[in-house]
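Per-entry structural report
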Amino acid sequence: MKFDTITKVLKDKNLKVTPQRIAVLDAVTKLGNHPSAENVIDFIKINHPNIAVGTIYKTLETFVESKIR
């Protein structure tokens, strides 16, 4: 998913656009087909090693609550 599309999705759901949310949403879309939290964490650790695991879980929880798919 392109950066502009990711930011639009977040803004449309009234979520603050942060580097962490961008990275997690990018990971989810690149992994495709309902990746597990562990899959997303592994992807993030490789591509964005400075993002904490707790942040990833919280971001995924926020996406579920906001119905971001």
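The structure we're discussing is the one just above.
Residues numbered from 1 in each chain as written. Predicted model: local features only at pLDDT ≥ 70, side-chain atom pairs only at ≥ 80, totals over all residues. Heavy atoms only, no water.

Attention now moves to the packing of helix α2 (residues 19-31) against helix α4 (residues 53-65). α4 packs onto α2 with a crossing angle of 75° between their chain directions and a minimal axis gap of 10 Å. With respect to α4, the element α2 is oriented roughly perpendicular. Seen from α2, the contacting residues are Gln20, Arg21, Val24, Leu25 and Val28; seen from α4, they are Thr55, Ile56, Thr59, Leu60, Thr62 and Phe63. A class-by-class count of the residues in the contact of α2 with α4 yields 6 nonpolar, 4 polar and 1 charged. (Axes fitted to C-alpha atoms, helices over the stretch in contact; angles between N-to-C directions. Helix = DSSP H or I, 4+ residues; strand = E, 2+ residues; numbered from the N terminus. Parallel < 35°, antiparallel > 145°, perpendicular 65-115°, else oblique. Contact = heavy atoms within 4.5 Å. Nonpolar A, V, L, I, M, F, W, Y, C, P; charged D, E, K, R; others polar.)

Helix length check: α2, at 13 residues, gives a terminal C-alpha distance of 18 Å against a target of 18 Å (1.5 Å per residue), a fit within 8%. Of the surrounding secondary structure, the elements contacted by the buried residues of α2 are α1 (3-12), α3 (37-47) and α4. Gly32 lies just past α2 and shows a positive phi near 60°. (Expected span 1.5 Å × (residues − 1).)

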